[in-house]
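# Residue-level structure breakdown
Each chain, written out:
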Amino acid sequence: MNIRRLTLTQKRSLLGVVFILPWLLGFVFLFATPLFQSIHFSFSNLKIAPGGGYTLDFIGWGNFKNALSVDPNFNRILTQSLSEMAWNVPMILFFSLFTATLLNTKFVGRPFARAVFFLPVILASGAIAAAQTSGLIQLTGSSEVAKELGQQQNGFDPLSLAFTLSDAGMPMWFIDYIISAVQRIYEIIKSSGVQILIFLAALQSVPISMYEVAKMEGATAYETFWKITFPMVSPLILTNIIYTIIDSFTNSQVTTTIYNTAFQAQNFGLSAAMSWIYTAVISVVLIIVGILVSRKVFYYN
Amino acid sequence: MKVPDLQSEAVLIQMQKARNKSVSLLWLIFRYILIIGISFIILYPILQQLSVAFKDKMDIYNPTIYMIPVHFTMENVRYAMAVLNYWPLLKNTLLFAASTTFLQAASCSLAGYGFARFNFPGKNILFTLVVLTILIPTSTLMVPMYIHFRAFDILGIIHLATGKEGINMLNTYGPSLITAAFANGLKSGLYIYIFRQFFRGMPAEIEEAALIDGAGGIRTFFTIMLPNAIPPLITVILFAFVWQYNDIFYASLFNSASDLMSIKVSSLPADVNQYLPGIMGIGTGTNVKVDPNQVSMIVDTGILLAISPLIAMYLFVQRFFVESVERSGVVG
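What counts, and at which threshold
- Residues numbered from 1 in each chain as written.
- Chains lettered and ligands numbered in written order.
- Predicted model: local features only at pLDDT ≥ 70, side-chain atom pairs only at ≥ 80, totals over all residues.
- Heavy atoms only, no water.
- Helix = DSSP H or I, 4+ residues; strand = E, 2+ residues; numbered from the N terminus.
- Buried < 20%, exposed > 50% of the residue type's maximum accessible area, 1.4 Å probe, protein only.
- Contact = heavy atoms within 4.5 Å.
- Areas by Shrake-Rupley, 256 points an atom, 1.4 Å probe, with all protein chains shown as cover.
- Domains from an automatic or database assignment.
- Buried area = accessible area lost by both parts, 1.4 Å probe.
- Polar contact = N/O pair within 3.5 Å; in protein donor to acceptor, adjacent residues only side chain to side chain.
- Nonpolar A, V, L, I, M, F, W, Y, C, P; charged D, E, K, R; others polar.
- Salt bridge = Lys/Arg side-chain N within 4 Å of Asp/Glu carboxyl O.
- Phe/Tyr/Trp six-rings, centres within 6.5 Å; stacked < 30°, edge-to-face > 60°.
- Lys NZ or Arg CZ within 6 Å of the ring centre and 35° of its normal.
- UniProt positions renumbered as here; feature names shortened; annotations may be inferred.
- 1 Å grid on protein atoms, 1.4 Å probe; cavity = no way out; pocket = protein on both sides within 12 Å on 5 of 7 lines; lining within 4 Å.
- Points joined across faces, edges and corners; volume = space filled by probe spheres on them.
- Axes fitted to C-alpha atoms, helices over the stretch in contact; angles between N-to-C directions.
- Parallel < 35°, antiparallel > 145°, perpendicular 65-115°, else oblique.
- Arc of directions from axis to C-beta.
- Expected span 1.5 Å × (residues − 1).

This part takes up the overall build of chain A. Assigned secondary structure in chain A consists of 15 helices and two strands. Counting the 301 residues in chain A, one finds 45% classified as buried. Pairs at least 24 residues apart make up 66% of the contacts formed inside chain A by residues separated by at least 6 positions. When the accessible surface of chain A is totalled, it reaches about 16,200 Å², and 65% of it is carbon and sulfur.

All names here are of chain B. Structurally, chain B comprises domain 1 (25–72) and domain 2 (77–329). On the side of domain 2, 11 residues touch domain 1, which itself brings 11 residues to the contact. Both sides of the domain 1 and domain 2 interface together cover about 960 Å² of buried area, and 70% of this is carbon and sulfur. In this assembly, domain 1 and domain 2 are joined by zero residue pairs in polar contact (both at pLDDT 80 or more). Taken together, the residues that form the side of domain 1 that touches domain 2 break down as seven nonpolar, one polar and three charged.

Here we take up the interface of chain A and chain B. Counting residues at the interface gives 89 residues for chain A, matched by 89 residues for chain B. Between chain A and chain B, the buried area comes to about 8,000 Å², and carbon and sulfur atoms account for 78% of it. For chain A, the biggest contributors to the area lost against chain B are A:Phe19, A:Trp23 and A:Leu30; these three give 11% of the whole. Where chain A meets chain B, there are zero salt bridges. With 21 residues, helix 1 (residues 8–42) of chain A is the single largest residue contributor to the side of chain A that touches chain B. In terms of residue class, the side of chain A that touches chain B is made up of 64 nonpolar, 21 polar and four charged.

To continue, consider the packing of aromatic side chains. Enumeration according to the criterion identifies 26 aromatic pairs over all chains in this entry. Ring geometry for A:Phe19 against B:Tyr113: centres 4.9 Å apart, planes inclined by 80°, an arrangement best described as edge-to-face. Remark: B:Tyr113 occurs in helix 3 (residues 86–117) and A:Phe19 occurs in helix 1; the pair is interchain, linking two chains. Here A:Phe19 falls in the buried class, since its relative accessible area comes to 3%. A network of ring pairs unites the aromatic residues A:Phe19, B:Tyr113, B:Phe118, B:Phe195, B:Phe198, B:Phe199, B:Phe221 and B:Phe222 as a single cluster. Between the NZ or CZ atom of B:Lys187 and the centre of the ring of B:Trp243, over which it lies, the distance is 4.2 Å. The side chain of B:Arg196 reaches across the aromatic face of B:Phe127, ending 3.8 Å from its centre.

Bringing the environment of B:Tyr275 into the picture now. Along the chain, B:Tyr275 turns up in helix 14 (residues 268–280). Here the alpha-carbon distance between B:Tyr275 and B:Trp243, two residues 32 residues apart in the chain, equals 29 Å.

On to the UniProt feature "transmembrane region" (unreviewed entry) in chain B, then. Residue and element names in this part refer to chain B. When the UniProt feature table is mapped to this numbering, "transmembrane region" (unreviewed entry) covers residues 25–47, 94–113, 125–147, 173–194, 221–243 and 297–317. This span, residues 94–113, is 100% helix and 0% strand, and a straight line between its end C-alpha atoms measures 28 Å. Secondary structure content for residues 125–147 is 91% helix and 0% strand, and the end C-alpha separation is 29 Å.

All names here are of chain A. In the numbering adopted here, UniProt assigns the feature "transmembrane region" (unreviewed entry) to residues 12–36, 85–103, 115–139, 159–182, 225–246 and 267–293. Overall, residues 85–103 shows 100% helix and 0% strand. The separation of its end C-alpha atoms is 26 Å. Split by type, residues 267–293 is 96% helix and 0% strand. Its first and last C-alpha atoms lie 39 Å apart.

Attention now moves to the layout of surface pockets. In this structure, the second largest pocket encloses a volume near 1,900 Å³. A:Thr105, A:Ala221, A:Thr224, A:Phe225 and B:Trp27 are the residues nearest the centre of the second largest pocket, which is lined by 41 residues in total. Mapped onto the lining of the second largest pocket, the elements with two or more residues apiece are helix 3 (74–104), helix 4 (110–117), helix 11 (193–204), helix 12 (208–216) and helix 13 (221–250) of chain A together with helix 1 (6–53) of chain B. Its residues placed into classes, the lining of the second largest pocket shows 23 nonpolar, 10 polar and eight charged.

It is worth spelling out the packing of helix 10 (residues 217–228) of chain B against helix 11 (residues 230–246) of chain B at this point. All names here are of chain B. For the pair helix 10 and helix 11, interaxial distance at closest approach is 5 Å and the crossing angle is 70°. Judged by the angle between their axes, helix 10 and helix 11 are roughly perpendicular. Listed contacts from helix 11 to Leu226, Pro227 and Asn228 of helix 10 are Ile230, Pro231 and Leu233. Looking at the contact of helix 10 with helix 11 residue by residue, the class counts come to five nonpolar, one polar and no charged.

Moving on: helix 2 (residues 62–70) of chain A. Residue and element names in this part refer to chain A. Looking only at helix 2, the buried set comprises Asn63, Phe64 and Ala67. Within helix 2, the buried residues cover an arc of 105° as seen down the axis, which keeps them to one side. Of the exposed residues in helix 2, those oriented more than 90 degrees away from the buried face are Lys65, Ser69 and Val70. Each element contacted by the buried residues of helix 2 is listed here: helix 1, strand 1 (44–48), helix 3 and helix 15 (268–296).

Secondary-structure assignment places B:Gln318 in helix 15 (residues 292–327). When the C-alpha atoms of B:Gln318 and B:Ile234 are compared, they prove to be 9.9 Å apart, with 84 residues separating the residues in sequence. Contact partners of B:Gln318, with chain neighbours within four places excluded, come to A:Pro111 and A:Ala115.

What follows deals with helix 11 of chain A. Residue and element names in this part refer to chain A. End to end, helix 11 covers 17 Å across 12 residues, agreeing with the expected 16 Å (1.5 Å per residue, within 8%). Counted residue by residue, helix 11 has 11 buried out of 12 residues, so it is predominantly covered. All of the buried residues in helix 11 are Gly193, Val194, Gln195, Ile196, Leu197, Ile198, Phe199, Leu200, Ala201, Ala202 and Leu203.

The structure is reproduced here in structure tokens:
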């Protein structure tokens, strides 16, 4: 095939393939191959040979059965991180949208506030957080005391807030939710950095003329938010929900359990099965959320 | 026919104006309280660590001291540096993070440009696969990747040539560098997505002009498109660097014995207990223990030492970073 004989369109498409070639090679050898191997492993009993190779015995659904009914912790950890996610995602989403709107308005000291608000993106990390808690445990000798101490250091009394809210006639579950949000405000801030960035970028792309029209018509800030800002950023709500779900799963206990099953218990087949159960659960959650949210989302075009 | 009462209408408008004004003033105050409060929550742990780092042992037992130490000392910093073996560790980690970041930015920008600007059969399916790499949890690929790099071999070439089982790449920087170079490293899918969104927003006329002036596709990319892609480049470089620096998952999978900051920091509490008595010169052995409060101080100082390069870097780039995110078209 002579390269000079190709039409311009064909040349262009060939060039496009050249551009994505590094990724494509990486995808085939570093993603797709391990992915299929991982499916294979999950149905097998894997033994690593000391020389560098490994042997596989096919055992069917055995690993999956083990993960779901024999392993004492896996079920509990999986449901726990699922419910934590259901609890956290709305909070993170609400907080990041609120913060993004806050940071988008003009005020004195905005550059400083922005710099501070994105600091958690830099600092939120498994290694540092782990060392921080273990440092505190070291100090007090037990994890329970460390937890209590951490809450005391907040200098915040949740009871008084609970009484105020229940006097105001709020339902109990809502009070619970608000209080847990207040108590874990640092965690929420830490895990919403990227989401704030995404919302901020979305807010910047809303045409200013829309706000001008609203102002001329005499809309209040509240109305402007619900009639213009919210619908305009709603597609990004879906993006952010997906990002938050994935993020909360990658930092969850389940990942640690899967890791320990493989490298401490040396049960590679079981670990692969666990990770596939986990992947399936995430996919189901993402599909359900995706369908539910995309119905409500408004696309401006 | 009734004449509209202009007087009362004017009063009504004025009242409404006054109300709007007071509401917006209240909102302004509320906003400042919130912003200052949240900033405080974010900065407080760092300030606390700073305070601990320069505190003397005596000061932790003195409850009247808040934040600013009375006995100012560099002792903690010295001990923490000794336990961490700080400067060689930092150099190593920075070099490692910088090289993977460079490779990631290079490979992901190429892929992002390819997906944004060219039409070739199967493009949409391939891009769906990029999104898939973001969605599949890393733990799914963990075991095969580990085995793969334990006996690294491409299509069995090494096995054919030497008859051995391939090269053991664990505890080298090979696995991370290879995955980064082929755009499949840590969070690569996200970076490809960011680049693609940005390049899609660039006007087509620029490329057409370059083409007519005789520049080939690769030259157009390097001389025209890439210099204009500063916003996504900054975003990707910062993310890639920071996440690589902090990454514990791949680091403990591939490099558990290497000198990397994240590995050392996560084992810091144990290391301090083990090495501090020797460094302080009060003897070695399992029975010699240092005051647990001091251990905790040194762990805190070590964490501060670990994150301080990131904070320093962030102070330099944060302005460009926030601006660039707004323009990098994460939104599309």
